[in-house]
Amino acid sequence: VPIDDIPGVGSRMRTRLALAGIYTTADLYAIEPKQMRRIWNNVTGERLWYALHGHAIEAEPSKRGMFGHGRVLPPDVRTPKLARELCRVLLVKAARRMRREGFYASSLYMWVSLRNRSIKERGWSSHHKLHMANDDQACLMALDALWAKAKARIPSHYKIVRVGVTLGDLTNASTRQLDMLINDDPQRQRWESVTNAMDSLNKRYGKSLVTMGPWKLPPGGNLG
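Everything quoted here is computed from the prediction, not taken from an experiment. (Residues numbered from 1 in each chain as written. Predicted model: local features only at pLDDT ≥ 70, side-chain atom pairs only at ≥ 80, totals over all residues. Heavy atoms only, no water.)

Chemist: Could you give an account of the overall build of the chain, naming the residues involved and the relevant values?
Modeler: The helix and strand tally for the chain stands at seven helices and four strands. In the chain, the succession of α and β elements from N to C terminus is α-α-α-α-β-α-β-β-α-β-α. Buried residues in the chain amount to 39% of all 224 residues. Within the chain, contacts between residues at least 6 apart in sequence are counted, and of these 67% link residues at least 24 apart. In the form shown here, the chain has an accessible surface area of approximately 13,700 Å², with 53% of it arising from carbon and sulfur atoms. (Helix = DSSP H or I, 4+ residues; strand = E, 2+ residues; numbered from the N terminus. Buried < 20%, exposed > 50% of the residue type's maximum accessible area, 1.4 Å probe, protein only. Contact = heavy atoms within 4.5 Å. Areas by Shrake-Rupley, 256 points an atom, 1.4 Å probe, with all protein chains shown as cover.)

Here it is, written out as structure tokens:
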């Protein structure tokens, strides 16, 4: 087969292979695994060598870095109040995905794009610390704190044209460690129980049957 039919061999890799004197799939097949690793500059090359030679190689699980959602706001939803309501829905969606995949977050990031008559567009962003949380109450309280900060910093005459939220600094649920200084684990456990009950009901009966606070979609009902 042509060498560029092999997954991972694009134009840049063909150049790198040519510099090593490798032009065909037969040439690639004939080299040693450690040489393959040096050409690829990481363990992927060595894993590919074993795959080409018929060994069963399982791909390593990808490491999740964050969960988030963003959206351009329709023209009639560009006030701070309506943008905040939409941000809540985006955040709850991200938190649900995070729980399904078994993670906790230690940070919530929020960004907005702003516009008025004198400027085309400018941005504002900030973040709020979480204490390895994944329940809706903790995430939404952090969002409230960010919106309070945004209200103090963003001029009232600016239109909010885009919003985005990201849950980051993730920890796998199996390796979660409690913060001894905060000592809020009893409270977190109660809110996690509430959130898990809501997730169970929503999974069984509808995606937004039970929510914590308002669940207001933009006009047309399309969240994106």
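The rest of the description comes next.
Chemist: Residues and numbers for the packing of aromatic side chains, please.
Modeler: With the rule as written, the count across this model stands at two aromatic pairs. Both rings, one in W49 and one in Y50, keep their centres 4.9 Å apart while their planes meet at 80 degrees; by these two values the pair is edge-to-face. Where F67 meets F103, the ring centres are 5.9 Å apart and the plane angle is 50 degrees; that geometry is what we call tilted. In this pair, F67 is assigned in strand β1 (residues 67-72) and F103 in strand β2 (residues 103-115), connecting sequence segments 36 residues apart. (Phe/Tyr/Trp six-rings, centres within 6.5 Å; stacked < 30°, edge-to-face > 60°.)

Chemist: Describe in detail the packing of helix α3 (residues 33-40) against helix α4 (residues 43-52), supporting the description with residues and values.
Modeler: Running from N to C, α3 and α4 cross one another at 135 degrees; their axes reach a closest spacing of 6 Å. Judged by the angle between their axes, α3 and α4 are oblique. In the packing of α3 onto α4, the handedness of the crossing is right-handed. Mapping the contact onto sequence places P33, K34, M36, R37 and W40 in α3 and V43, T44, G45, E46, L48, W49, Y50 and L52 in α4. (Axes fitted to C-alpha atoms, helices over the stretch in contact; angles between N-to-C directions. Parallel < 35°, antiparallel > 145°, perpendicular 65-115°, else oblique. Left-handed = near helix turned anticlockwise from the far one by under 90°.)

Chemist: Describe the pairing of β2, naming the residues involved and giving the relevant values.
Modeler: In terms of burial, β2 is largely enclosed, as 10 of its 13 residues are buried. Taken together, the 12 bridges between β2 and strand β4 (residues 159-172) define a ladder with antiparallel strand orientation. Bridged to F103 within β4 is N172. Two elements, β2 and strand β3 (residues 122-133), share nine bridges in a ladder whose sense is antiparallel. Its bridge partner being in β3, M110 is matched across the sheet by S126. (Pairing = 2+ DSSP bridges.)

Chemist: Give a detailed account of the environment of A95, specifying residues and quantitative values.
Modeler: Positionally, A95 belongs in helix α5 (residues 80-100). When the C-alpha positions of A95 and F67 are compared, they lie 7.4 Å apart, and in sequence the two are 28 residues distant. Apart from the residues lying within four places of it in its own chain, the contact partners of A95 are N134, D136, C139 and L167.

Chemist: Tell me about unusual backbone geometry, residues and numbers included.
Modeler: Positioned with a positive phi, M132 is a non-glycine residue whose angle comes to about 45 degrees. With respect to the helices and strands, M132 occurs in strand β3. Overall, M132 belongs to the buried group, its relative accessible area being 19%.

Chemist: Tell me about the packing of α5 against helix α6 (residues 136-153), residues and numbers included.
Modeler: Where α5 meets α6, the closest approach of the two axes is 10 Å, and the angle between their N-to-C directions is 145 degrees. Where α5 crosses over α6, the two elements pack in a sense that is right-handed. Counting all contacts with α5, which are made through P80, A83, R84, C87, R88, L91, V92, A95 and R99, the residues of α6 involved are D136, C139, L140, L143, D144 and W147. Looking at the contact of α5 with α6, its residues break down into 10 nonpolar, no polar and five charged. (Nonpolar A, V, L, I, M, F, W, Y, C, P; charged D, E, K, R; others polar.)

Chemist: Can you explain the pattern of salt bridges? Please cite residues and give values.
Modeler: Scanning the entire structure with this criterion turns up seven salt bridges. The residue K216 makes a salt bridge to E85 at a minimum N-O spacing of 3.5 Å. With K216 in the segment after α7 (185-205) and E85 in helix α5, the pair connects residues that are 131 residues apart, well separated along the chain. D199 is paired through a salt bridge with R99; the nearest N and O atoms lie 2.7 Å apart. (Salt bridge = Lys/Arg side-chain N within 4 Å of Asp/Glu carboxyl O.)

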